[in-house]
Amino acid sequence: GNEIPEIQEFIEENVDHERSEEMNGVAKDKNIIFLNAESLQHFVMNSEVNGEEVTPFLNDLAQDEDTYYFDNFYEQTGQGNTSDSEFLVENSLYPLSRGAVFFTHGGNDYHSFPEMIKEAGYTSSVLHANNKSFWNRDAMYDSLEIDEFLGEESYDVTPEDSVGWGLKDKPFFEQSIPLLEDLEEPFYSKMILLTNHFPFELDEEDATIDKFDSNSNTLNSYIPTVRYMDEAIEEFFDELKESGMYEDSIIVIMGDHIGISANHNKAMAQYLDQDEITPYDQVQLQRVPLFIHIPGDGNGQVMDEIAGQIDLKPTMLNMLDVDPGEDIYFGNDLFSDDRKDYIALRNGDFVSDDYVSTAGICYDRETGEPMDQAIEEETDSEEEASEELEQVESACDSIQEQVDTELSYSDSIIYGDLFRFVDFGDEEEE
Ligand code: GP9
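Residues numbered from 1 in each chain as written. Predicted model: local features only at pLDDT ≥ 70, side-chain atom pairs only at ≥ 80, totals over all residues. Heavy atoms only, no water.

Trainee: How should I be thinking about the UniProt feature "domain: Sulfatase N-terminal" (unreviewed entry) in the protein in this particular structure?
Mentor: The UniProt entry lists residues 30-321 under the feature "domain: Sulfatase N-terminal" (unreviewed entry), expressed in the numbering used here. The annotated region residues 30-321 carries 33% helix and 17% strand content, and the separation between its end C-alpha atoms amounts to 11 Å. (UniProt positions renumbered as here; feature names shortened; annotations may be inferred. Helix = DSSP H or I, 4+ residues; strand = E, 2+ residues; numbered from the N terminus.)

Next up, the structure:
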C-alpha cells in the first residue's frame with residue numbers, strides 16, 4: 001500500500017478531475033442502460049456499401065438532439081477484449097498489458113462504479129445471453145459488487161433464435177424488456193451484445209445489406225452483422241418506448257473493442273479508399289462510437305474531444321451527482337473543459353490533441369503525417385526545422401512519460417491489490 005500516496009499525488013497533479021457543472025445530476029434517479037456494442041468500430045459510421053448506409057439508425061442517433069455523440073473516442077483494451085472494456089468502464093483503471101484482468105485479478109478489492117452508486121440508491125445488473133463464467137465474469141462481478149447477473153439461463157435460447165455465439169441481438173433485446181421491468185429502480189444495467197462477434201455469422205434472412213467485396217471474408221461479413229446490430233438497437237429503442245422505461249432512462253451505447261484486426265489491412269484500405277493502412281491509421285481504427293442519449297435533453301451535440309473508455313466512470317458519476325470522494329481513477333469527466341489532453345492506449349501508444357504516437361513515431365493528428373516530415377516540408381530553413389523538431393520531440397516525449405507512468409501506476413494498483421489498503425470513506429455502505 002506504500003505506493004498509494006505517490007499515485008494519489010500523481011493523479012492530483014496530472015489528471016484533472018474537474019466535473020462539468022452543466023451535466024451534474026442530469027441523470028439523477030434515472031436508469032442507466034448501457035449497451036456494450038460488440039466489436040462496433042467508428043469507421044462504419046456514416047459509411048456506405050453499394051450505396052446503402054451501414055448504420056442508418058446509429059447515424060441518425062448521432063445527430064439526435066438528445067444525443068451526445070463522441071467522434072474521437074478510443075477503445076483502450078488489451079488481450080481481455082470485452083472484459084477489458086468492462087473493466088475500464090467500471091473502474092476507470094487500465095486493464096493489463098498481458099492477459100485479462102478479469103481472470104488474473106478477479107478477486108481483488110475494487111472501488112467500482114456499481115459499488116459507488118449504491119449510496120445514491122442504485123441497483124446494478126448485467127444482462128448477457130452467454131455462459132456466466134465466460135471471462136470469469138461471475139467471480140469478477142462479485143468483486144465489482146454488481147448486484148445481479150442475468151446470463152444465458154434467463155433467456156429462451158432456441159436454435160432458430162441463435163447464430164454464431166448464441167442468442168441473436170434482436171430476441172436478446174426483446175426478451176430483456178421484462179427482465180429490465182423487474183429490476184429495482186433506479187438501476188444501472190449493462191447489456192452485452194453478441195451477434196456482431198468474430199467471425200460475424202448471420203442467417204440469410206437477417207442480412208439486410210450486401211457484404212463488402214474484398215479479399216477478407218471477415219471484413220465482408222462484418223458489414224451485415226453491424227447492420228443487424230444497428231437494427232436491433234433501433235428495435236430496442238422502440239421496445240423501451242413501448243414499455244414506458246425510455247423516458248426514465250439514459251442510454252449509453254459504446255463500441256467495446258475493434259472487430260477487424262490488422263490482419264485485414266489490405267481489405268480495410270480498400271474499404272476506406274486508401275492506398276494502405278499506416279501505423280497512424282491503425283491507431284485511428286481504435287476509435288469506437290460512444291453515444292450518451294438523454295431523452296428530453298435537447299442539447300445533444302457531436303463532441304470532438306479526444307476521449308476514451310477510461311472516462312466513462314467519472315462522467316456517469318457526475319451525471320448521477322455521485323461525489324467521487326476519495327476515489328482513485330485515471331479518467332476525466334467527458335463533459336468537463338479541463339481534461340487531460342491525451343488518451344493512453346493499452347500498448348503505450350497515445351493520442352493527444354496534436355499528435356498520434358505509435359511505435360515511437362509522432363504523427364500529426366490532423367494529417368497523419370510523421371511530424372519530422374511535416375516540419376521538413378513546411379519549414380524553409382534547416383535551422384528552424386531542427387529547432388521545431390526538437391520542440392515537438394520534447395512535447396511527445398513528455399506526454400509519453402505521463403502515459404507510461406499512468407499505465408504503470410494503474411498496473412501497480414492491480415498487481416498489488418492496493419485498494420485493500422485504501423479507506424474510500426464509504427465502508428459503512430457495504
Ligand atoms: C462473450 C462476449 C464476447 O461473452 O462478451 O467477448 P469477446 O470475445 O468479444 O471479448
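From this point, the discussion proceeds with the structure in view.
Trainee: In this structure, what is going on with helix 2 (residues 56-63)? I would like to understand it.
Mentor: Residues that lie three or four places apart on an α-helix share one face, since the helix turns once every 3.6 residues. The complete set of buried residues in helix 2 reads Phe 57, Leu 58, Asn 59, Leu 61 and Ala 62. Residues of helix 2 that are buried make contact with strand 3 (52-53), strand 4 (67-70), helix 8 (217-243), strand 11 (249-255), strand 12 (290-293) and strand 13 (301-303). (Buried < 20%, exposed > 50% of the residue type's maximum accessible area, 1.4 Å probe, protein only. Contact = heavy atoms within 4.5 Å.)

Trainee: Looking at this structure, how should I read the UniProt feature "coiled-coil region" (unreviewed entry) in the protein?
Mentor: With numbering matched to this structure, UniProt assigns "coiled-coil region" (unreviewed entry) to residues 371-402. Structurally, residues 371-402 comprises 91% helix and 0% strand, and the distance from its first C-alpha atom to its last is 20 Å.

Trainee: I would appreciate a short explanation of the site of the ligand in the present structure.
Mentor: As a matter of local geometry, the ligand sits amid 13 residues, with Thr 82, His 128, Asn 130, Arg 137 and His 197 nearest to it. A distance of 2.6 Å separates an oxygen atom of the ligand from a polar atom in the side chain of His 128. For the ligand, an oxygen atom lies 2.8 Å from a polar atom in the side chain of His 197. (Near = heavy atom within 4 Å. Polar contact = N/O pair within 3.5 Å; in protein donor to acceptor, adjacent residues only side chain to side chain.)

Trainee: What exactly am I supposed to notice about the nonpolar core here?
Mentor: What tends to happen in soluble globular proteins is that the nonpolar side chains get buried as a cluster. Ile 328 and Phe 330 are the most contacted members of the largest nonpolar core, which totals 54 residues. Of the residues forming this core, the biggest block, nine residues, is contributed by helix 13 (residues 382-415). Aside from chain neighbours lying at most four places away, what touches Ile 328 is Ile 4, Ile 7, Gln 8, Ile 11, Leu 93, Ile 413, Phe 419, Val 422 and Phe 424. (Core = buried A, V, L, I, M, F, W, Y, C linked by side-chain atoms within 4.5 Å.)

Trainee: Explain the side chain of Ser 143 to me, please; I cannot follow it from the model alone.
Mentor: Relative to the helices and strands, Ser 143 resides in helix 6 (residues 137-143). Dropping the residues within four chain positions of it, Ser 143 is found in contact with Gly 106, Gly 107, Asn 108 and Tyr 110.

Trainee: What is the right way to look at the layout of surface pockets in this model?
Mentor: A water-sized probe rolled over the atoms picks out the places where empty space is left. Volume-wise, the largest pocket comes out at about 440 Å³. Along its surface, the largest pocket is lined by 21 residues, and Met 303, Leu 334, Phe 335, Ser 336 and Asp 337 are the ones closest to its centre. Its residues assigned to classes, the lining of the largest pocket comprises six nonpolar, four polar and eleven charged. (1 Å grid on protein atoms, 1.4 Å probe; cavity = no way out; pocket = protein on both sides within 12 Å on 5 of 7 lines; lining within 4 Å. Points joined across faces, edges and corners; volume = space filled by probe spheres on them. Nonpolar A, V, L, I, M, F, W, Y, C, P; charged D, E, K, R; others polar.)

Trainee: Looking at this structure, I do not really get the pairing of strand 10 (residues 187-192). What am I missing?
Mentor: Two faces belong to every sheet, and in a regular strand the side chains alternate between them. Of all six residues that make up strand 10, six are buried, and the element is covered over most of its length. Two strands pair when backbone bridges link them, and strand 1 (residues 31-37) and strand 10 are joined in this way by five bridges, in the parallel orientation. In the strand pairing of strand 10, Ile 33 is matched with Ser 189. As defined by bridge partners, strand 6 (residues 123-127) adjoins strand 10 across five bridges and the pair is classed as parallel. Along strand 10, the bridge assignment pairs Ser 125 with Ser 189. (Pairing = 2+ DSSP bridges.)

Trainee: Teacher, can you tell me more about the sheet that holds strand 7 (residues 148-150) here?
Mentor: Pairing between sheet strands relies on hydrogen bonds along the backbone, with the strands arranged either parallel or antiparallel. What the eight strands build is an open sheet, ordered 7-6-10-1-11-12-4-13; its pairing is mixed. Of all strands in the sheet, those with a lone pairing partner are strand 7 and strand 13, marking the two edges. Direction aside, neighbouring strands of the sheet carry axes that sit 15° apart on average. Pairing analysis gives three bridges linking strand 4 to strand 13, with the strands arranged parallel. Residue pairing in the sheet places Tyr 68 in a bridge with Gln 301 of strand 13. Sheet contacts for helix 2: strand 4, strand 11, strand 12 and strand 13; angle to strand 12, the most-contacted strand, approximately 60°. Its contacts with the sheet put helix 7 (residues 169-181) on strand 1, strand 6, strand 7 and strand 10, and the angle it makes with strand 10 is roughly 160°. (Axes fitted to C-alpha atoms, helices over the stretch in contact; angles between N-to-C directions.)

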